[in-house]
Every structure is written in structure tokens, then in C-alpha cells.
Amino acid sequence: MEGEIKKRIPVWLYPSTIAALDEWKEKDNCKSRSEFLEKAIQFYTGYLSVQICTDYLPLAITSALSGMVDSSENRISRLLFKLTVELSMLMNLYAAQNEIDEEVLRKLRTKCLSDVKKTNGKIQLEDVVEYQQGNRALDE
């Protein structure tokens, strides 16, 4: 807009709109009604075109949301890493104590994958113990 020459146009506004304009131009530190209207029109046309939505969202909101997402992502990553270490320890202890046939291991992996899908990952040790003792199906 640099180098452009402003044009004077007539604007018809309700008295209540003029009162709101005067109130908010003071709060927005605008020097004139014209400056406030210019800013308002630029904001609204940007809002309507939605070219870059982050330009019209307060930076505080976008940075706060970004920070929350980053924090959650880091926390979940650390917890998953710790859980994987513990699971690896358990697998190594189990493998050291038991000789497991490769075919049995393959069938177990297929069954466990199916069980996790059926239960949406909500498997409890009690259910597995009952299944292994032949008392019930795991997905009941």
C-alpha cells in the first residue's frame, strides 16, 4: 500500500456503529476513524479470504497451542521410550528362561495382533491369564 494515494469516500453508518468505532479506535490507538476503518477492512477481508489464517489469530493463542502440543509430544515420547525399555527387559528375561519354538512365536504374534485389534488395545493381564488357563476367550 506504500505509494498509494488514499481516496475520500462517503460512508453511511448508524450512530451506534459510530459510537463503537470511536470507542474501539481509542483502544486500538488509532489516530483517526479512517485509520481504524482501514485496519478493520484489512482484517475482515483477510478473514474472508483465509489466505493465511495465522496472520489473523492472535500470536498468543498460536504460540500457546504450539507449546502445549510440543510439551505433550515430548512427554509422550519420553514415556513411550521408558515403556519400551521395560518391555525389552521383560522380553529378554522371558527369552532367557524359556525355549520358545519359532512357529509358536509366529502364531502367538498373529494371535496377539488380532487380540489387540479386536479389543482396541484394552487387554488386561487378568484376561490373558484366564485365556491361557483355558477358562475363556480373550476377546469376550
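Residues numbered from 1 in each chain as written. Predicted model: local features only at pLDDT ≥ 70, side-chain atom pairs only at ≥ 80, totals over all residues. Heavy atoms only, no water.

A closer look at the overall build of the chain
Which entries qualify depends on this criterion: Put simply, DSSP H or I for four residues or longer makes a helix, DSSP E for two residues or longer makes a strand, and each gets a number counted from the N terminus. Whether a residue is buried, partly exposed or exposed follows from its accessible area with a 1.4 Å probe, protein chains only, as a fraction of its type maximum: under 20%, in between, or over 50%, in that order. Here, residues are in contact when the closest pair of their heavy atoms is within 4.5 Å. Here the open area of atoms and residues is found with the Shrake-Rupley method and a 1.4 Å probe, where only the protein chains shown may cover a residue.
The helix and strand inventory of the chain stands at five helices and zero strands. Expressed as a percentage of its 140 residues, the buried residues of the chain come to 6%. Excluding contacts between residues fewer than 6 apart, the proportion of contacts in the chain whose partners are at least 24 apart in sequence is 14%. Within the structure as shown, the chain displays about 13,000 Å² of accessible surface, and the carbon and sulfur contribution to it stands at 60%.

Observations concerning the packing of aromatic side chains
To keep things clear, this is the line we draw: Put simply, two rings from Phe, Tyr or Trp (the six-membered ring, in Trp's case) pair if the centres are within 6.5 Å, and we call them stacked under 30 degrees between planes, edge-to-face over 60, tilted for the rest. Think of it as a cone above the ring: NZ of Lys or CZ of Arg counts as a charge over the ring if it is within 6 Å of the ring centre and within 35 degrees of the ring normal.
For the structure shown, the criterion picks out zero aromatic pairs. One cation-aromatic arrangement involves K27 over W24; the distance from NZ or CZ to the ring centre is 4.5 Å. Note that K111 overlies the ring of Y131, its terminal NZ or CZ placed 3.9 Å from the centroid.

Regarding the pattern of salt bridges
The condition that has to hold: Each reported salt bridge corresponds to a side-chain nitrogen of Lys or Arg within 4 Å of a carboxyl oxygen of Asp or Glu.
What the rule picks out here adds up to six salt bridges. Linking E26 and K25 is a salt bridge whose minimum nitrogen-to-oxygen distance equals 2.9 Å.

Some points on the side chain of K25
Put simply, the rule reads: Pairs of N or O atoms within 3.5 Å make up the polar contacts considered here, provided that, within protein, one atom can donate a hydrogen while the other can accept it, and that residues adjacent in sequence are counted only when both atoms are side-chain atoms.
Along the chain, the position of K25 falls in helix 1 (residues 15-27). Polar contacts involving the side chain of K25 include one to the side chain of E26, which spans 2.9 Å. The residues contacting K25, other than those within four sequence positions of it, are C30, S32, R33 and F36.

A look at the confidence of the model for the chain
Atomic detail in the predicted coordinates should be set aside for any region of low pLDDT. Worth spelling out the cut-off: A score from 0 to 100, pLDDT tells how confident the predictor is in each residue.
When pLDDT is averaged along the chain, the result is 84; 89% of the residues meet or exceed 70. Highest mean pLDDT in the chain belongs to helix 1 (93); lowest belongs to helix 5 (residues 125-132) (82).

Re unusual backbone geometry
With a phi close to 60°, N29 is a non-glycine residue in the positive phi region. Within the secondary structure layout, N29 lies in the loop between helix 1 and helix 2 (33-49). Overall, the relative accessible area of 66% leaves N29 in the exposed class.

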